[in-house]
Amino acid sequence: MKNKRDNYFGIYINDKIPNSEGKENKYYGNIELDFKGKAFIIEKDKNDIEEIKEELESGKKYKKNGRHIIKFINESDEIYYINIKIRKLLLLWLFLFAFLIILGSILFFNNNKNTPNSNQVIEECVSFDMELKGMKYVFDINYENENFASVKLTNKVSGKEFIYPGSSGSFYIVVSTKNGNKDMYYQMQVKEETNKPKNLKFIVNDKIYNSAKELSESINGEILKNSEKTLKIDWFWDYETKDDASDTLNGENIENYRFLMTMIGTEGG
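Worth saying up front: this structure is predicted, and the values here are computed from it rather than measured.

**So, the pattern of salt bridges**
- Inspection of the entire model under this criterion finds six salt bridges.
- The salt bridge partner of Glu 50 is Lys 71, with a shortest N-O separation of 3.0 Å. Of the two residues, Glu 50 is situated in strand 5 (residues 50-55) and Lys 71 in strand 7 (residues 66-74); the sequence distance between them amounts to 21 residues.
- The closest approach of N and O atoms between Lys 53 and Glu 51, which form a salt bridge, is 3.7 Å.
- Judged by its relative accessible area of 31%, Lys 53 is partly exposed.

**Regarding the pairing of strand 16 (residues 228-237)**
- In this sheet, strand 16 lies alongside strand 11 (residues 168-176) in antiparallel orientation, the contact comprising nine bridges. Bridge pairing in strand 16 places Val 174 opposite Thr 230.
- Here strand 13 (residues 200-204) pairs with strand 16 via four bridges, running antiparallel. Looking at the pairing, Phe 202 lines up with Trp 235 of strand 16.

**Brief notes about the nonpolar core**
- Core analysis: the largest hydrophobic core is formed by 30 residues, its most contacted members being Leu 153, Phe 171, Ile 173, Phe 202, Phe 259, Met 261 and Met 263.
- Listed by contribution, the elements that provide at least two residues to this core are strand 9 (135-140), strand 10 (149-151), strand 11, strand 12 (184-194), strand 13, helix 4 (212-216), strand 16 and strand 17 (258-267).
- Among all residues touching Met 261, those that are not within four sequence positions of it are Tyr 137, Phe 139, Asn 147, Phe 148, Ala 149, Val 151, Phe 171, Ile 173, Met 188, Gln 189 and Val 190.
- Listed in part, the 18 residues of the second largest apolar core include Ile 17, Ile 31, Ile 41 and Ile 82.

Here is what the cut-offs are and how they apply
Residues numbered from 1 in each chain as written. Predicted model: local features only at pLDDT ≥ 70, side-chain atom pairs only at ≥ 80, totals over all residues. Heavy atoms only, no water. Salt bridge = Lys/Arg side-chain N within 4 Å of Asp/Glu carboxyl O. Helix = DSSP H or I, 4+ residues; strand = E, 2+ residues; numbered from the N terminus. Buried < 20%, exposed > 50% of the residue type's maximum accessible area, 1.4 Å probe, protein only. Pairing = 2+ DSSP bridges. Core = buried A, V, L, I, M, F, W, Y, C linked by side-chain atoms within 4.5 Å. Contact = heavy atoms within 4.5 Å.

This is the structure in structure tokens:
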């Protein structure tokens, strides 16, 4: 049973009413929201202008470490700002470490089982960080691999492949030299980009690109041998402000929008 106090204004976080008077609400591991109305994660610039980063869903868990601002609009159209901070479960790490030591000691003295791979267990513990990465495309560039991957955008709010005007998301390119022994230069290549909505654009380091082909011309660099580099590509689909028919037409063709992408590697100097 949830704790219903007199100061309830329409939202619970982890079954408790959060403070909305500027005081920071601290949580560990993840949060679960239960609300009636609308809620968003926002950012404010130095002029206090708001930018919506993500719309939140009631009943869903969120695992995003760091400080965030939640803008909540209840059923009475009252607006509240909730400052939150989500920390990693450090105590879980300590418990896991102690558990592995005890388990290893038991197995050592019994001498009848192999010691478990502690790295694998720890990776499972921090898997929620990996959930934030979304779609990943991994390329080993040591042998000038020209195999193309088919990229299909995924809406970060719903987590589904269906995207629409007003939606946005991200995908990641992982460039690897772990199977080689030389420093390398890498260059992104794109082909067969068709049926792209007019207002769908890509962002890297705050620079906007109008197509995947245009984006690929700026995705290049050097990577050291036996290493890995992750490149984040953001995208957004703006509304057509002057012509609703254009949005409608783009929406009908969006299921056919894909492009082929690869990373070409050449030997570094």
